[in-house]
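Remarks on the overall topology
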Amino acid sequence: QQNVEVVGSEAKPQVESVRVCAEALSAWFDWAMNDDGSMTMAYEELHNMDGEMLVVDIGGSTTDLASLGLVGGELLINQHKSGTETVGVLDSLTKLEETVRARMASEGVQGMSGHGSKLPQKLLEMVMQKGTCSYNGREWSFIAERDMACKGVAERIVSYIKSTVGNPGEYYAILVVGGGAIVFRKWIEAMFHNAVFGD
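Now for a description of the structure that goes with this document. All values reported here derive from a predicted model rather than from experimental measurement.

Digging into the nonpolar core
Nonpolar side chains tend toward joint burial in soluble globular proteins. Counting residues in each nonpolar core, the largest one holds 40 residues, and the members touching the most others are Leu54, Val56, Met104, Ile161, Val176, Phe184 and Ile188. Every element with two or more residues in this core is listed here: strand E1 (52–58), helix H3 (89–106), helix H4 (121–130), helix H5 (143–165), strand E7 (173–177), helix H6 (179–183), helix H7 (185–191) and strand E8 (195–197). If you tally residues by element for this core, the top one is H5, at nine residues. The contact partners of Val56, leaving out residues within four places of it in the chain, are Thr63, Asp64, Leu65, Ile161, Ile174, Leu175, Val176 and Val177. Counting residues in hydrophobic clusters, the runner-up holds 18 residues, among them Trp28, Tyr43, Met53 and Leu175.

Structure below.
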């Protein structure tokens, strides 16, 4: 709509075209470029083989896939092997809260059952991160519950990836980013030998 402004200047750029790209594409540029703008060694390898890679961006409620290939040095998005699925870290948190509350209720903690019962968000995040917490005057270990909640969602994500791209082993690399890269790493790297995890 020609409404682009340059901060601190009267210049008025002419917008000739607009291209909407997958959010996961920004992670590819972060992987491919050094801070000084030069290309990384991994990019050079991909470039030399005109290879393809997959970016998996696992967020709170969605997992985005961007299947990218270099053809003659040009970056192309394979739209047929890209997309979004409604599955992410929040699914694990929901399952984790359910199992943590059930266990606490079974061990006599009041207020853990019923329609309105809910654990404090910070406590749930601590359990997700460490597998343990202090609550109601007691130390708790929920490592098994956390692993079960994460494993189930990680399997759903892996299933989505496989059903969308076919054989993930054909990619030069699978770059996994987003909050889910940390939460689900243990299970995803066990299933994909070519997974690389970004921050």
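Concerning unusual backbone geometry
The backbone of Asp50 shows a phi angle near 45°, a positive value even though the residue is not glycine. Here Asp50 shows up in the loop between helix H2 (41–48) and E1. On the basis of relative accessibility, which here comes to 42%, the residue Asp50 falls in the partly exposed class. One non-glycine residue, Asn136, lies in positive phi territory at about 60°. As for its position among the elements, Asn136 is in the loop between strand E5 (132–135) and strand E6 (138–141).

Side note on a negative patch on the surface
Taken together, Asp30, Asp35, Asp36 and Asp199 make up a surface patch of like negative charges. Among the structural elements, Asp199 can be located in the segment after E8. For Asp199, a relative accessible area of 91% gives the class exposed.

Observations regarding the packing of aromatic side chains
If you walk through the whole model with that rule in mind, you get five aromatic pairs. Ring centres 6.2 Å apart and planes at 45° place the aromatic pair Trp28 and Trp31 in the tilted group. Of the two residues, Trp28 and Trp31 both sit in helix H1 (residues 25–32), three residues apart, roughly one turn of that helix. Take Trp28 and Trp31: they sit in the same class, and that class is buried. Residues Trp28 and Tyr43 carry aromatic rings whose centres are separated by 5.9 Å and whose planes lie at 80° to one another, so their mutual orientation is edge-to-face. Of the two residues, Trp28 sits in helix H1 while Tyr43 sits in helix H2, which places them 15 residues apart along the sequence.

Criteria and cut-off values
- Residues numbered from 1 in each chain as written.
- Predicted model: local features only at pLDDT ≥ 70, side-chain atom pairs only at ≥ 80, totals over all residues.
- Heavy atoms only, no water.
- Core = buried A, V, L, I, M, F, W, Y, C linked by side-chain atoms within 4.5 Å.
- Buried < 20%, exposed > 50% of the residue type's maximum accessible area, 1.4 Å probe, protein only.
- Helix = DSSP H or I, 4+ residues; strand = E, 2+ residues; numbered from the N terminus.
- Contact = heavy atoms within 4.5 Å.
- Patch = residues over 30% accessible without salt bridge, like charges linked within 9 Å, V, L, I, M, F, W, Y side chains within 5 Å.
- Areas by Shrake-Rupley, 256 points an atom, 1.4 Å probe, with all protein chains shown as cover.
- Salt bridge = Lys/Arg side-chain N within 4 Å of Asp/Glu carboxyl O.
- Lys, Arg positive; Asp, Glu negative; His and termini not counted.
- Charge placed at Lys NZ, Arg CZ, Asp CG, Glu CD.
- Phe/Tyr/Trp six-rings, centres within 6.5 Å; stacked < 30°, edge-to-face > 60°.

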